[in-house]
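A structural walkthrough
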Amino acid sequence: MLSNMDIIKMELEGLYGREVLRDLAEIISLYEMYEGEGQIWEVADGLDYEPTRKRANFIKKLIKEEARFLFGREPEFRFAAADKEAADRVSEFFKRVLAYNVFSEKLIKGARDCFIGKRVAVKLSVIDSEIRINFVPSLGFVYSVDERDFDRLESIIFFHGLNDEAEKVNQRVWKQKYWMKGNRCYVNEAVYNGYGDVVDVIYENADTGLSFIPARVIVNDGLSGDLKGESDVAELIDSQMVYNRIASDDIDALRFNMFPQTVAVNASEESLKDMVIAPAALIDLQKEITAGDNACQLYKLESQFSYDVRIENVLNRVKSDMYELLSVPNVMAGELKGYFNSGKSIKALYWQLETRSGEKFAAWRPFLEWMAKSVILIAKQAGFLEDCDVPNDLAVRCENVYPLLQDEIDEKQSDILAVNAKVMSRKSYIKKWNPEMADADVVLEEEEI
């Protein structure tokens, strides 16, 4: 079948193309580690038993916890313009677009893909007269940037298989390419067979009518100018494998040392054959003739195997290392009793994770704000906002909301200060703290009267 590697070779050449191929091969192994399939290790040959291979997949748990904390609550998008009524109408339209796309769910899954596969693409499109927002994992796209400006996207190619037929002639692969030519964005879209031959042309050098590519790439961590990013899974692999092996060896050790052994000394073979092991059973133990004056004995040999404290310490230390690598607090329900006094206590417990998430959101915010602005521009071009004038000075601000227990009184006081400083409108305050009110405008008009 025309593989992802073949598509990359068709689109990217030279050193950068080879580097992308190597990187995608690594990303595949990272996804296998995340799912647990890649958490395997070699065992010694010639063993008389089947070694245990326990996979305590903390990698998947931690990545989900990290994404859930970052985007467990949908970020707040705020539109502002000199014409407040127009800004409010645009805001309501954007909220309907997010609801139609089930954006909250897509955002969390997109964050997971970003943490695992180093990067993720945000893609906008119009399908069946609806604006669609999708997150594409790193195995489904490649891109290039302007050599003079790494923040400027020059082209991006999306691809995926449409079926899994054995015969190449029946295989189908979809590919879509956006690129900039001057100040216009163009698109090619077609379906290929397994030989790379075009089966169906959907768009060929088509002008999208946009002055920008309707996609952006979010890179996870990394350094300045890094186009690949870093994987959070890669940091956890060594500790996860150590934990799996120790836990598996622990199970095998317990299995082979937990059962006491019955020991018979100077007992005849016949009496041992007829012996019955059952509650209140009488054992007719007879001495072997060759034993002479030596006594006949039957007893249990209990195992003296004991290492539970040491093994627990090692496993807990390895597990704690994994949690600390992602700044996720390792707490159980019983350990949280002292933290339920106030929201501040919970916030202190999650302080490191909140700062780490704040660092990640600093990279996500400009892309989410770009997404909001681009949705409005695409809607305007497609004629979805004919009854609403889009202000030229429209500004968008995206703020994250962490799923932490907060002290409501402190938050209200903070919002009142924001209202007094005219950073937050009275209408927004009423909507936030009095959601049961049907119309905040009516309340404000009554106050003026």
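First, a word on scope: everything that follows refers to the structure included in this document. (Residues numbered from 1 in each chain as written. Predicted model: local features only at pLDDT ≥ 70, side-chain atom pairs only at ≥ 80, totals over all residues. Heavy atoms only, no water.)

As for the sheet that holds strand β6 (residues 173-181)
Spatial strand order, β4-β5-β6-β7-β8: five strands in an open sheet with antiparallel pairing. The sheet is open, and its two edges are formed by β4 (141-146) and β8 (198-207), each paired on a single side. Here the strands of the sheet are splayed against their neighbours by 15° on average, with no regard to which way each runs. Where strand β7 (residues 184-192) and β8 come together, six bridges link them in antiparallel fashion. Each bridged residue has a counterpart across the sheet, and for Val187 the counterpart in β8 is Ala206. (Pairing = 2+ DSSP bridges. Helix = DSSP H or I, 4+ residues; strand = E, 2+ residues; numbered from the N terminus. Axes fitted to C-alpha atoms, helices over the stretch in contact; angles between N-to-C directions.)

Comments concerning the packing of helix α5 (residues 103-117) against helix α10 (residues 351-382)
Viewed as axis vectors pointing N to C, α5 and α10 meet at an angle of 135°, and their least axial separation amounts to 13 Å. Considering the angle they form, α5 stands oblique to α10. Pair α5 / α10 crosses with right-handed handedness. Each of Phe103, Leu107, Gly110, Ala111, Cys114 and Phe115 in α5 lies in contact with α10, whose residues at this interface are Lys360, Trp364, Leu368 and Met371. Residues that form the contact of α5 with α10 fall into these classes: eight nonpolar, one polar and one charged. (Parallel < 35°, antiparallel > 145°, perpendicular 65-115°, else oblique. Left-handed = near helix turned anticlockwise from the far one by under 90°. Contact = heavy atoms within 4.5 Å. Nonpolar A, V, L, I, M, F, W, Y, C, P; charged D, E, K, R; others polar.)

Here's the deal with the sheet that holds strand β9 (residues 215-219)
Read from one edge to the other, the open sheet built from three strands follows the order β3-β2-β9, with strand pairing classed as antiparallel. Unpaired on one side and paired on the other, β3 (130-137) and β9 mark the two borders of the sheet. Taken over all neighbouring pairs, the strand axes of this sheet differ in orientation by 20° on average, direction set aside. With eight bridges joining them, strand β2 (residues 119-127) and β3 adopt antiparallel strand pairing. Across the sheet, Val120 pairs through a bridge with Pro137, a residue of β3.

Details of the pairing of β2
The buried count for β2 comes to seven of nine residues, which makes it a mostly enclosed element. With five bridges joining them, β2 and β9 adopt antiparallel strand pairing. In the strand pairing of β9, Arg119 is matched with Val219. (Buried < 20%, exposed > 50% of the residue type's maximum accessible area, 1.4 Å probe, protein only.)

As for the packing of aromatic side chains
Inspection of every chain in the model, using the stated rule, returns 14 aromatic pairs. Measuring from ring centre to ring centre gives 5.5 Å for Phe79 and Phe94, while their planes differ by 65°; the resulting arrangement is edge-to-face. Placement of the pair is Phe79 in strand β1 (residues 73-80) and Phe94 in helix α4 (residues 84-100), with a sequence separation of 15 residues. You'll find Phe79 and Phe94 in the same group, each marked buried. A ring pair is formed by Phe135 and Trp364, whose centres lie 6.2 Å apart and whose planes are at 40°; its orientation type is tilted. With a gap of 229 residues between them, Phe135 in strand β3 and Trp364 in helix α10 connect regions that are remote in the sequence. The ring of Trp41 carries the charged tip of Arg53 above its face, separated from the ring centre by 5.8 Å. The aromatic ring of Trp179 is capped on one face by Lys177, whose charged end is 5.9 Å from the ring centroid. (Phe/Tyr/Trp six-rings, centres within 6.5 Å; stacked < 30°, edge-to-face > 60°. Lys NZ or Arg CZ within 6 Å of the ring centre and 35° of its normal.)

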